[in-house]
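Chain and residue survey
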Amino acid sequence: MRHRKSGRKLSRPASQRRSMLRGMVSALITHGRIQSTDAKVKELRRIAERIITLGKRGDLAARRLAARTVQEEGALRKLFSDLGPRYKDRPGGYTRIHKIGDRLGDKAPLSVIELVDYEPGETAKTEK
């Protein structure tokens, strides 16, 4: 029985699954929109919503908690400088999922996940 077991396994060991989702969260924050399979996108939404809520808090503890998941410096900077203030008055629901059909090779259902106020051409500014 699966009582009280949440999350999808996505046919991967836990370490690979965690690493893949960390990369996807960073890509979503950086680019504002990514495309993947339905199962991955739905699992990504759970993590991304929590991370953006940490970005809204904006304190040091929230930054450290978010840095566990978002390990790219540019994405973390964008989370706290752009996304946190942008969604300050929004009580949740920062992402949107659009189903876009099936992949040609294996007929896997594909979806696009994007930030609610996504505009094309929006990327993180990398400073060196």
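Before any of the text, the structure's been laid out above.
One structure accompanies this document, and this report is about it. (Residues numbered from 1 in each chain as written. Predicted model: local features only at pLDDT ≥ 70, side-chain atom pairs only at ≥ 80, totals over all residues. Heavy atoms only, no water.)

1. A look at the pattern of salt bridges
The test is simple: We define a salt bridge as a contact between a side-chain nitrogen of Lys or Arg and a carboxyl oxygen of Asp or Glu at a distance within 4 Å. Relative accessibility under 20% of the residue-type maximum defines a buried residue, over 50% an exposed one, and the middle range a partly exposed one, all with a 1.4 Å probe and only protein chains included.
Per the counting criterion, the structure on display carries nine salt bridges. Residue K107 is joined to D102 by a salt bridge in which the shortest nitrogen-to-oxygen separation is 3.7 Å. Looking at K107, the relative accessible area reads 58%, which means it is exposed. Where salt bridges share partners, they join R8, E43 and R46 into one cluster.

2. Observations concerning the pairing of strand 3 (residues 109-115)
Rules: Only DSSP runs of H or I with at least four residues qualify as helices, and only runs of E with at least two residues qualify as strands; both kinds are numbered from the N terminus onward. Following DSSP output, two strands are said to pair if at least two bridges run between them.
Counting buried positions along strand 3 yields six of seven residues, so the element is predominantly enclosed. Strand direction decides the pairing type here: strand 1 (residues 33-37) and strand 3, joined by five bridges, are antiparallel. Bridge pairing in strand 3 places Q35 opposite V112.

3. Quick notes on helix 2 (residues 38-57)
In plain terms, the rule: Take the residue count of a helix, subtract one, and multiply by 1.5 Å to get its expected span. Contacts are residue-level and defined by heavy atoms, with any inter-residue pair within 4.5 Å sufficient.
Helix length check: helix 2, at 20 residues, gives a terminal C-alpha distance of 29 Å against a target of 28 Å (1.5 Å per residue), a fit within 8%. Turning to helix 2, its buried residues are D38, K40, V41, E43, L44, A48, E49, I51, I52, L54, G55 and K56. The elements touched by buried residues of helix 2 are helix 1 (14-31), strand 1, helix 3 (60-69), helix 4 (73-86), strand 2 (95-102) and strand 3. Following helix 2 by one or two positions, G58 has its phi on the positive side, about 75°.

4. Considerations on unusual backbone geometry
The phi angle at L10 is positive, at roughly 55°, despite the residue not being glycine. The residue L10 is located in the segment before helix 1 in this model.

5. A few points about helix 4
Convention followed: Bending is quantified residue by residue as the angle between axes fitted to the seven-residue window ending at that residue and the seven-residue window starting at it.
The end-to-end C-alpha distance of helix 4 is 19 Å, a good match for the 20 Å that 14 residues give at a rise of 1.5 Å each. The axis of helix 4 is deflected most strongly, by about 40°, at L79. Three or more residues of helix 4 are buried, namely G74, A75, L76, K78, L79, F80, L83 and G84. Tucked inside the fold, the buried residues of helix 4 contact helix 1, helix 2, helix 3 and strand 3.

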